[in-house]
Amino acid sequence: MNASEYTKIYYGNFILVTRIKDELEQIGIIPIIKDEGESQRLAGYASMNQGYQEVFVHNDEYDKAITVVNRVKSEMEASS
């Protein structure tokens with residue numbers, strides 16, 4: 001992953017990340033999910049952010065992807 005080609009669009013818990021990932025894939029966007037906590041655990045280090053993940057999309061897909069993120073966040077806030 002070339003960092004300059006991808007932008008982080010969300011950081012949050014596994015449940016919301018999974019929902020956002022599914023919604024993005026439905027419109028043809030394949031996100032990259034980065035889980036630093038899991039990477040640290042596998043390397044034998046303790047992690048303070050266990051269960052939190054980052055969602056990245058290609059810069060060309062940013063506008064469509066951020067619309068999905070905002071919609072999912074709004075739906076989750078309305079249901080709580």
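Residues numbered from 1 in each chain as written. Predicted model: local features only at pLDDT ≥ 70, side-chain atom pairs only at ≥ 80, totals over all residues. Heavy atoms only, no water.

Section: the sheet that holds strand E1 (residues 6-13)
This is how the line gets drawn: DSSP-based pairing: two strands are paired if at least 2 bridges between them are found. By the criteria applied, helices consist of DSSP H or I runs no shorter than four residues and strands consist of E runs no shorter than two, each listed in order from the N terminus. The axes are straight lines fitted to the C-alpha atoms, using for helices just the contacting stretch, and the angles between their N-to-C directions are given from 0 to 180°. The contact definition used throughout considers only heavy atoms, calling two residues in contact when any of these lie within 4.5 Å.
Ordered in space as E1-E3-E2, the three strands form an open sheet in which the pairing is antiparallel. Of all the strands in the sheet, the pair left with one neighbour each is E1 and strand E2 (32-34). Pairs of neighbouring strands in the sheet enclose a mean axial angle of 25°, with direction left out of account. Helix H1 (residues 14-26) rests against E1, E2 and strand E3 (52-58) of the sheet, and its axis sits at about 135° to E1. Of the strands in this sheet, E1 and E3 are in contact with helix H3 (residues 62-79), which crosses E1 at around 15°.

Section: the environment of Lys-73
Mapping Lys-73 onto the fold places it in helix H3. Considering only alpha carbons, one finds Lys-73 and Arg-19, 54 residues apart in sequence, at a separation of 9.9 Å.

So, the pattern of salt bridges
Cut-off, in case you're wondering: For salt bridges, the criterion is a side-chain nitrogen of Lys or Arg within 4 Å of an Asp or Glu carboxyl oxygen. Burial status follows relative accessibility: with a 1.4 Å probe on protein chains alone, a residue under 20% of its type maximum counts as buried, one over 50% as exposed, and anything between as partly exposed.
According to the stated counting rule, one finds six salt bridges in the structure shown. Put simply, Glu-23 and Arg-19 hold a salt bridge, and the shortest N to O gap is 3.6 Å. With a gap of four residues between them, Glu-23 and Arg-19 both fall in helix H1, about one helical turn apart. Overall, the relative accessible area of 15% leaves Glu-23 in the buried class. Given the relative accessible area of 27%, Arg-19 is considered partly exposed. Between Glu-75 and Arg-71 there is a salt bridge whose closest N-O contact spans 3.4 Å. Taken together, the positions of Glu-75 and Arg-71, both in helix H3 and four residues apart, correspond to about one turn of that helix.

A short note on the nonpolar core
How we decide: In this text, buried Ala, Val, Leu, Ile, Met, Phe, Trp, Tyr and Cys residues form a nonpolar core when linked through side-chain atoms within 4.5 Å.
Judged by nonpolar contacts, the single largest core of 13 residues is most densely connected at Ile-9, Tyr-10, Ile-20, Leu-24, Val-55, Val-57 and Ala-65. Sorting the residues of this core by element identifies E1, H1, E3 and H3 as the ones contributing at least two each.

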